[in-house]
Amino acid sequence: MSNFMKALVVLMALGMVATWSVWASDQVKPGEAVEVTGTVLESGHLQDDQGQKHMLAKDDETMQLMSHVGAKVEIKGTLIEQPEGEPVIKIESYQVVTP
């Protein structure tokens with residue numbers, strides 16, 4: 001492999017690490033408050049405007065929210081971590097934005 005190719009591979013790897021570091025620092029950590037606006041899905045998820053799906057805790061608030069499947073809502077809650085590692089949002093309150 002030429003020196004140019006080695007340098008190119010190293011630069012690409014450094015770029016990927018830098019990008020991941022910035023992305024990871026922007027993520028909300030368990031226990032922190034979150035506010036998400038998105039569409040309620042039948043699967044018990046909320047899909048935000050960027051297409052990311054957020055899992056919702058299986059509790060009374062989520063059961064009430066499920067009566068608004070297909071509606072755009074704004075939820076406020078707390079991010080909690082599950083044993084499987086996938087974080088979920090425990091809803092504290094929600095408001096229907098568009099039915």
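Residues numbered from 1 in each chain as written. Predicted model: local features only at pLDDT ≥ 70, side-chain atom pairs only at ≥ 80, totals over all residues. Heavy atoms only, no water.

(A) Structural view of the side chain of D59. By the element assignment, D59 lies in the loop between β3 (53–56) and α2 (60–65). Side-chain polar atoms of D59 contact the backbone nitrogen of E61, separated by 3.4 Å. Only 3.1 Å separates the side chain of D59 from the backbone nitrogen of T62, close enough to count as a polar contact. (Helix = DSSP H or I, 4+ residues; strand = E, 2+ residues; numbered from the N terminus. Polar contact = N/O pair within 3.5 Å; in protein donor to acceptor, adjacent residues only side chain to side chain.)

(B) Summary view of the confidence of the model for the protein. Residues at a pLDDT of 70 or more form 74% of the protein, whose mean pLDDT is 81. Taken together, the stretch residues 17–25 has pLDDT below 50 and engages in zero contacts with residues farther than four places along the chain or on a different chain. (pLDDT = per-residue confidence, 0-100. Contact = heavy atoms within 4.5 Å.)

(C) How the structure looks around the nonpolar core. V34, V36, V40, L46, L56, L65, V73, I75, L79, I89 and I91 form the largest nonpolar core, which has 11 residues in total. Going through the elements one at a time, β1 (33–40), β4 (72–81) and β5 (87–98) are the ones with two or more residues in this core. If near-sequence neighbours (up to four positions away) are discounted, L46 is found in contact with V36, T37, G38, T39, V40, Q52, K53, H54, L56, V73 and I75. (Core = buried A, V, L, I, M, F, W, Y, C linked by side-chain atoms within 4.5 Å. Buried < 20%, exposed > 50% of the residue type's maximum accessible area, 1.4 Å probe, protein only.)

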